[in-house]
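Descriptive structure summary
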Amino acid sequence: MEEGVKNRIILILSITSLLFLMISVKSCSNTRSARSILNEEKSMRWDLEQKTRELTQQNKALEEKVKIITQELEDEKTANSSMKKTLDEEQLAAKALKDELQKMNELKNTLEEDLKEALGKKKAEKSNKK
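Described below are features of the structure shown in this document. (Residues numbered from 1 in each chain as written. Predicted model: local features only at pLDDT ≥ 70, side-chain atom pairs only at ≥ 80, totals over all residues. Heavy atoms only, no water.)

Scanning the protein from terminus to terminus reveals 1 helix and 0 strands. A compact globule built from 130 residues would reach a C-alpha radius of gyration of about 14 Å, whereas the protein, at 55 Å, exceeds it by more than 25%. The principal-axis extents of the C-alpha atoms in the protein amount to approximately 185 × 20 × 10 Å. With 130 residues in all, the protein has 0% of them scored as buried. Accessible surface for the protein amounts to roughly 12,800 Å². Of this, 60% is attributable to carbon and sulfur atoms. Averaging the coordinates of the 26 positive side-chain charges in the protein and doing the same for the 24 negative ones gives two points 2 Å apart. (Helix = DSSP H or I, 4+ residues; strand = E, 2+ residues; numbered from the N terminus. Rg over C-alpha atoms; globule rule 2.2 N^0.38 Å. Buried < 20%, exposed > 50% of the residue type's maximum accessible area, 1.4 Å probe, protein only. Areas by Shrake-Rupley, 256 points an atom, 1.4 Å probe, with all protein chains shown as cover. Lys, Arg positive; Asp, Glu negative; His and termini not counted. Charge placed at Lys NZ, Arg CZ, Asp CG, Glu CD.)

Dropping the structure here:
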């Protein structure tokens, strides 16, 4: 009977050892798959960090361009404003010259009429003298 008990104990220990072996193998397999998932996550995180850096750099570059363009726009506005002032001054000067020219034309026409009248009187005096 002792032999039967020994065989049973050996059988129970063998089955238990097999169970522990299967549990160990399964645990190693789970660890390996978890490690590969972790590596994939690290890889994705690294890629996302790289993309974030690139986008941040692009954003900074675009902000600089916007800043430069804004400054150029302000410069153009200032130049446009000064040109407008100059144009307004020139228009006022042109209007003043136009008014002056019109006065001169009126004076010329008046002088021409006075000259015609004077010539007419002179001709009349000459014809009266004859």
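Taken together, the side chains of Leu-11, Ile-15, Leu-19, Phe-20, Met-22 and Ile-23 present a nonpolar region at the surface, about 640 Å² in accessible area. Along the chain, the position of Phe-20 falls in helix 1 (residues 2-129). Overall, the relative accessible area of 54% leaves Phe-20 in the exposed class. (Patch = residues over 30% accessible without salt bridge, like charges linked within 9 Å, V, L, I, M, F, W, Y side chains within 5 Å. Salt bridge = Lys/Arg side-chain N within 4 Å of Asp/Glu carboxyl O.)

This part covers a negative patch on the surface. On the surface, a cluster of negative charge is contributed by Glu-72, Glu-74, Asp-75 and Glu-76. Looking at the element boundaries, Asp-75 is found in helix 1.

All right, on to the pattern of salt bridges then. Under the criterion given, the structure shown has 2 salt bridges. In this structure, the salt-bridge partner of Glu-49 is Arg-53, at a minimum N-O distance of 4.0 Å. In this pair, Glu-49 and Arg-53 both sit in helix 1, 4 residues apart, roughly one turn of the helix. On the basis of relative accessible area, Glu-49 is assigned to the partly exposed category, the value being 35%. Of the charged contacts in the structure, one is a salt bridge between Glu-112 and Lys-108, with a shortest N-O distance of 3.9 Å. With Glu-112 and Lys-108 both in helix 1, this residue pair falls 4 residues apart, about one helical turn. On the basis of relative accessibility, which here comes to 38%, the residue Glu-112 falls in the partly exposed class. Take Lys-108: its relative accessible area is 42%, and that puts it in the partly exposed class.

Another aspect to go through is the environment of Ala-34. Structurally, Ala-34 can be placed in helix 1. As for Ala-34 and Ser-81, which are separated by 47 residues in sequence, their C-alpha atoms are 68 Å apart.

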